[in-house]
Amino acid sequence: MIVLRGITKRFPGVVANDHVDLDIRAGEVHVLLGENGAGKSTLIGMLSGLIQPDEGEIRVGDVPVRISSPKRALQLGIGTVFQHSMLVPTLTVAENLSLGAPWWKLQAAGEIARRFEALCTDFGVRIDPNAVTGELSLGERQQVEIFRALLRGSRILVLDEATSMLTPQGVAELGGLMQGLARRSMAVVLITHKLREAFEFGDRITVLRQGLKVAELGPERLRDEDEHTLHGEVVHAMFGGIGGGMATVRGVVKGPPVLVVRGLVVEGATVSFEVAAGEILGVAGIDGNGQKQLAEVLAGQHRVAGGEILLGERSITGLDVGSRRRLGLRYVTDDRLGEGTVGSFPVSTNLVLKEIGRRPFWKWGIERSAEIRRHARDLIARFDVRTPGPDTPVGRLSGGNIQKVVLARELFGGARVVIHNKPTHGLDVLNTTSAWRRIGEAAAAGMATILISTDLDEILELADRIAVMSRGRIVGIVANDGDARSRIGEMMAEVAA
Ligand SMILES: Nc1ncnc2c1ncn2[C@@H]1O[C@H](COP(=O)(O)OP(=O)(O)OP(=O)(O)O)[C@@H](O)[C@H]1O
Ligand SMILES: [Mg+2]
């Protein structure tokens, strides 16, 4: 359906795609793999009409084309779901669905909503077409984007990390959907960091590394060869054979409670728990059950409607975000581009975003840019942020590297309690391991940590105790011992019943 030949794209200081060849075939789910910054989003940006190649040729149905705009891409039947939401948060779902596609204007809004609802029913998703998009969870927003592309009749669906926000069940459903599309002779291009998904859903796997295509595994090999061999080959292609290795630092002596939460009102329910120095409390649950609200209430983004929060001995219930932060309470948001960073600001500024006007980065109201850049260089090195330099706008970095900027900022300087919301979302296998190691090391150094994640494997890897959240309530807290997985599963099932 689409042939890419010798595609090259250069940005200042980096060759993002270096003479890449790619064939997108009808009836195939084609998975793109590669470490953070390998050039995956850039490559599909050229399919979506967002970026123009410097060199090379794109052919659609054997005709050379210039995909000059997203609109042109849509005309060619290429629908894209980007890594970061492209929906307008202030509009309803139905309104978002009618944006940018002129022929929709002829259809009644009710008709759009109806077709959307039919799709939702098909895939077992419950999203109200009249809901304001900004009030949906990130996972739900991503689902809306997938359905939008389908509603526009795309024959080639390009998904940039579309699965990363979904629950395991949602991923399985999306996998079924992708395979269904392939059976109907459409094509799917999927970018993911989860090798399991690549092998489960992929008919073909292409690996990029530093802009170069370094491996392609076709359907025959994926079908016939054993997974262990294929897995080894893919990891070797991605990282040059550097092993992942386990991340955690265990055997930490737990101190006294640092964070005490009593009867805190979250989404109309109340939660109570404590986190000790050196302890990692995992918060498991299906996306959208109040985890984000809990994090935001703790961070001070909402006024406390009831209950109490103590940091050390001190009540912080009435304090604002800045005061809580200065006392050592940090929040690593899952919305790294929306609230975590300012895309047009340099990496260096983003690393001091919450210290603006404060020493040592400002003095007498004057910005000390040498100090800010020195600080940035230090964190860039320590957190292995892949950026041309501290002055590059953060929005130009690859998704995984933006995440590292947010992590670096929040873990740095006087943190006592850190709340992580999906900290490794969008990170490749190696960066995930190093983020886990950092979280483990911070805990070992006495940090109290709350780890919110929909990835149960991540929680089981890191947490000392695990709380299960449902509809704003903590339905149980269990120690992370041998049978935690099954007990958590039982709790989730009971709640769902
Ligand atoms: N608009 C841009 N301006 C400058 N550099 C860019 C721009 N877009 C991408 N880059 C750079 O090109 C390289 C490839 O980035 P890309 O976003 O394609 O990576 P990726 O494989 O999608 O990574 P991730 O898994 O982290 O999302 C990176 O070094 C990135 O910083
Ligand atoms: Mg990307």
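Counting restarts for each chain, with residues numbered from 1 along the sequence as it is written. Lettering of chains starts at A and numbering of ligands starts at 1, both following the order in which they are written. Per-residue local features of the predicted model are confined to residues with pLDDT of at least 70, and side-chain atom pairs are confined, for both listing and counting, to 80 or more; whole-chain, interface and lining totals are unaffected and use all residues. Neither water nor hydrogens contribute to the side-chain values; these are computed over all heavy atoms in the structure.

## Digging into helix H14 (residues 369-382)
Here is step 1 of the chain: If you check H14, its first and last C-alpha atoms are 20 Å apart, about what 14 residues at 1.5 Å a residue would give, namely 20 Å.
Here is step 2 of the chain: Working definition: with a 1.4 Å probe on protein chains only, accessible area under 20% of the residue-type maximum means buried, over 50% means exposed, and in between means partly exposed. Numbering goes from the N terminus for both helices and strands, where a helix is a DSSP run of H or I of at least four residues and a strand is a run of E of at least two. All of the buried residues in H14 are Ile372, His375, Ala376, Leu379 and Ile380. The buried residues of H14 all sit within an arc of 135 degrees when viewed along its axis, so they share a single face. Turned more than 90 degrees off the buried face of H14, the exposed positions are Ala370 and Ala381.
Here is step 3 of the chain: Looking one or two residues past H14, aspartate 384 carries a phi angle of roughly 55 degrees, positive in sign. Given a helix with a known number of residues, its expected span is that number minus one, times 1.5 Å. Directions from the helix axis toward the C-beta atoms define the arc.

## Comments concerning the domain arrangement of the protein chain
Here is step 1 of the chain: The domain boundaries here were taken from an automatic or database domain assignment. What the domain assignment lists for the protein chain is domain 1 (2-239) and domain 2 (257-496).
Here is step 2 of the chain: Placing a centre on the C-alpha atoms of domain 1 and another on those of domain 2 gives a separation of 29 Å.
Here is step 3 of the chain: In the sections that follow, a salt bridge refers to a side-chain nitrogen of Lys or Arg positioned within 4 Å of a carboxyl oxygen of Asp or Glu. Inspection of the region where domain 1 meets domain 2 yields 1 salt bridge.
Here is step 4 of the chain: The shortest N-O distance in the salt bridge between aspartate 457 and arginine 196 comes to 3.3 Å.
Here is step 5 of the chain: Polar contacts here mean pairs of N or O atoms no more than 3.5 Å apart (in protein, one a potential hydrogen donor and the other a potential acceptor; neighbouring residues in sequence count only if both atoms are side-chain atoms). Scanning the region where domain 1 abuts domain 2 turns up 6 residue pairs in polar contact (both at pLDDT 80 or more).

## Details of the site of ligand 1
Here is step 1 of the chain: Residues in contact with ligand 1 amount to 19 residues; listed here are only the nearest, Gly37, Lys40, Thr42, Arg396 and Ser398.
Here is step 2 of the chain: Here an oxygen atom of ligand 1 sits 2.8 Å away from a polar atom, N or O, in the side chain of serine 41.
Here is step 3 of the chain: Between ligand 1 and glycine 400 there is a distance of 2.9 Å, counted from an oxygen atom to a backbone nitrogen or oxygen.
Here is step 4 of the chain: Under the convention used here, a 1.4 Å probe and the Shrake-Rupley method define accessible areas, while residue burial counts only the protein chains that appear. Alone, ligand 1 offers 640 Å² of accessible surface; in the complex the protein occludes 86% of this.
Here is step 5 of the chain: Ranked by residue count, the leading element in the shell around ligand 1 is helix H1 (residues 40-47), at 3 residues.
Here is step 6 of the chain: Lys, Arg, Asp and Glu make up the charged group, whereas Ala, Val, Leu, Ile, Met, Phe, Trp, Tyr, Cys and Pro make up the nonpolar group; the residues left over, Gly among them, are polar. Taken together, the residues of the shell around ligand 1 sort by class into 5 nonpolar, 10 polar and 4 charged.
Here is step 7 of the chain: Each of domain 1 (2-239) and domain 2 (257-496) contributes no fewer than three residues to the shell around ligand 1. In this text, near means that some heavy atom of the residue lies within 4 Å of the molecule or strand in question.

## Things to note about the pattern of salt bridges
Here is step 1 of the chain: For the coordinates displayed, the defined rule picks out 32 salt bridges.
Here is step 2 of the chain: Residue glutamate 410 pairs with lysine 354 through a salt bridge whose shortest N-O separation is 3.1 Å. Within this pair, whereas glutamate 410 is found in helix H15 (residues 399-411), its partner lysine 354 is found in the loop between helix H13 (347-351) and strand S17 (362-363), the two being separated by 56 residues in sequence.
Here is step 3 of the chain: Under the relative-accessibility criterion, glutamate 410 is labelled buried at 0%.
Here is step 4 of the chain: The exposure class assigned to lysine 354 is partly exposed, which follows from its relative accessible area of 34%.
Here is step 5 of the chain: Residues arginine 373 and aspartate 391 are paired through a salt bridge, measuring 2.6 Å at the closest nitrogen-oxygen approach. Taken together, the residues arginine 373 in helix H14 and aspartate 391 in the loop between H14 and H15 connect sequence positions 18 residues apart.
Here is step 6 of the chain: The partly exposed category is assigned to arginine 373, whose relative accessible area is 28%.

## What about the pairing of strand S20 (residues 448-452)?
Here is step 1 of the chain: Most of S20 is tucked away, with 5 of its 5 residues classed as buried.
Here is step 2 of the chain: With burial as the criterion, each face of S20 is covered, one bearing Ala448, Ile450 and Ile452 and the other bearing Thr449 and Leu451.
Here is step 3 of the chain: As defined by bridge partners, strand S13 (residues 280-284) adjoins S20 across 4 bridges and the pair is classed as parallel. Looking at S20, one finds that leucine 281 is bridged to isoleucine 450.
Here is step 4 of the chain: Only strands that DSSP links by at least two bridges are regarded as paired with each other. Relative to S20, strand S19 (residues 417-421) is paired through 5 bridges, and the arrangement is parallel. The residue bridging valine 417 from the neighbouring strand is alanine 448, located in S20.
Here is step 5 of the chain: Where the polypeptide runs from S19 across helix H16 (residues 429-444) and back to S20, its parallel neighbour, the crossover connection is right-handed. The definition of a right-handed crossover adopted here requires that, viewed with the strands pointing away, the path from the first strand over the helix to the second runs clockwise.

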